[in-house]
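Structural overview for review
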Amino acid sequence: MKRRTSAAWPLFCVYAVLIVYASLYPFENWRFQGVFSWSFLTASWPRYWTGFDVLSNVLGYAPLGFLLALSLRRMRPHWPAVVAATFFAGFLSLTLESLQMFLPIRVPSNVDTALNIGGAWAGAVVARCLVWVGLMDHWNRFRDRWFETEASGALALLAVWPLALMFPAAVPFGLGQVLERLEGTWIQLLQDTPWLESWPVREVELQPMLPMTESVCVALGLLLPCLLAYGVVQRSSQRWVLAGLCMAVGLLASALSAALTYGPVHAWGWVSSEVIQGLAVAVAVALGLSWASPRLSWVLALAALVLQLSLLNTASADAYFPLTLQTWEQGRFIRFYGLIQWLGWSWPFALLVYLVRRLSMSPSAGRA
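Cut-offs used in this document
Residues numbered from 1 in each chain as written. Predicted model: local features only at pLDDT ≥ 70, side-chain atom pairs only at ≥ 80, totals over all residues. Heavy atoms only, no water. Salt bridge = Lys/Arg side-chain N within 4 Å of Asp/Glu carboxyl O. Helix = DSSP H or I, 4+ residues; strand = E, 2+ residues; numbered from the N terminus. Buried < 20%, exposed > 50% of the residue type's maximum accessible area, 1.4 Å probe, protein only. Axes fitted to C-alpha atoms, helices over the stretch in contact; angles between N-to-C directions. Left-handed = near helix turned anticlockwise from the far one by under 90°. Contact = heavy atoms within 4.5 Å. Nonpolar A, V, L, I, M, F, W, Y, C, P; charged D, E, K, R; others polar. Expected span 1.5 Å × (residues − 1). Arc of directions from axis to C-beta. Patch = residues over 30% accessible without salt bridge, like charges linked within 9 Å, V, L, I, M, F, W, Y side chains within 5 Å. Areas by Shrake-Rupley, 256 points an atom, 1.4 Å probe, with all protein chains shown as cover. Disulfide = S-S within 2.5 Å. Parallel < 35°, antiparallel > 145°, perpendicular 65-115°, else oblique.

Concerning the pattern of salt bridges
Evaluation of the coordinates by the stated rule reveals one salt bridge. Here Arg358 and Glu148 are joined by a salt bridge, their closest N and O atoms 3.0 Å apart. Highlighted residues: Arg358 in helix H15 (residues 339–360) and Glu148 in the loop between helix H5 (135–146) and helix H6 (152–164), separated in sequence by 210 residues. Arg358 sits in the buried class, given a relative accessible area of 7%.

Dropping the structure here:
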């Protein structure tokens, strides 16, 4: 039997990248400020700090230590997971705080570093306690009953999907609509350069999406996590549970995003007739495909993903969508330097890479 991988490892990698992004944002105006990059370690403690600063630094690194400790337990069971996770978090925090010395708008702090290390240590200790009391053994037995051996990547993608839905999308569940924004950003970068004239410019303006097309995109967006789960679960009854759970979590995440954008009263204001039609189609198709083989489920997921990305990126966003982004003021604490936005943009492309990679393997690869 092939050794089971841990879903904590890909989640740890994603979280580490997000920490790097948040720590070095906005990645501009780099310059040497005349002091050594590690001089903040010997500086006096900051005079002004808030409880939010302490909480955010501790809680920001706690999941990092937690996920790394769980990963090491699976991949390197003889390593001291708490010590290794704390050491890595300290190294990462020191590196990022040192790099902040080259960013004028960021202020490195020895207190932040200490809090980051303490948060990672606390997260690793929590992971160790969960192992000690046997909760992780319960999870492992549950996973053995429900999922195939190589399910870690799919589980990580499923865990990130609700977070990706937190950033407002022009079409509900329509993640990955990036072409129009990429074109605008690229043209802006080439402005006042000789390369702009030679760059091929699209002559036809993107048109708004038709209601029927929007319903199709909603249905495809809801089906993608279900088909992804079908690839690592074979029993129809378990697939029904997971499909229902995926759709329920997706609806709740979208409602929470709307509540943070417009207020709790408008949490379900995005549910239009097109969304209801797409939901009904998704439920019917998910039930009909619950008997499909895992490989067929992933083939259909790949086809659905390509179709959804094509439909989304050959249509323009709603005229009111930029106003939606501007009014997303109540969601500042989850926007966090655009991290949720990046998750929404990149999740379908990460899914695309995962599906292509798994489908290129032999049909029996990864199965016990």
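Focus on the packing of helix H9 (residues 211–230) against helix H11 (residues 273–288)
Between H9 and H11, whose axes approach to 8 Å, the crossing angle comes to 35 degrees. The chirality of how H9 crosses H11 is right-handed. In this structure, H9 uses Pro211, Glu214, Ser215, Val218, Ala219, Leu222, Leu223 and Tyr230 to contact H11, whose residues at the interface are Glu274, Val275, Gln277, Gly278, Leu279, Val281, Ala282, Val285 and Ala286. Per-class residue counts for the contact of H9 with H11 are twelve nonpolar, three polar and two charged.

Comments concerning H5
Taking 1.5 Å of rise per residue, the twelve residues of H5 would be expected to cover 16 Å, and the 17 Å separating its terminal C-alpha atoms lies within 8% of that figure. For H5, the set of buried residues is Met136, Asn140, Arg143 and Trp146. Buried residues of H5 fall within an arc of 135 degrees about the axis and therefore sit on the same side.

So, a nonpolar patch on the surface
A cluster of nonpolar side chains, contributed by Tyr25, Phe27, Trp30 and Leu99, occupies part of the molecular surface with about 350 Å² of accessible area. Following the sequence through the fold, Tyr25 ends up in the loop between helix H1 (8–24) and helix H2 (51–75). Owing to a relative accessible area of 32%, Tyr25 belongs among the partly exposed residues under this scheme.

Looking at the state of the cysteines
What we call a disulfide is simply a covalent bond connecting the sulfur atoms of a pair of cysteines. The final tally for this structure, using the stated rule, is zero disulfides. We note that Cys226 lacks a disulfide partner, and the nearest cysteine sulfur, in Cys246, lies 5.0 Å from it.

Section: the packing of H6 against helix H10 (residues 236–262)
Direction vectors running N to C along H6 and H10 enclose 30 degrees, while the axes themselves pass 8 Å from each other. Between H6 and H10, the angle is such that the two are roughly parallel. Here H6 contributes Leu158, Trp161 and Pro162 to the contact with H10, which in turn contributes Cys246, Val249, Gly250 and Ala253. Split by residue class, the contact of H6 with H10 holds six nonpolar, one polar and no charged.

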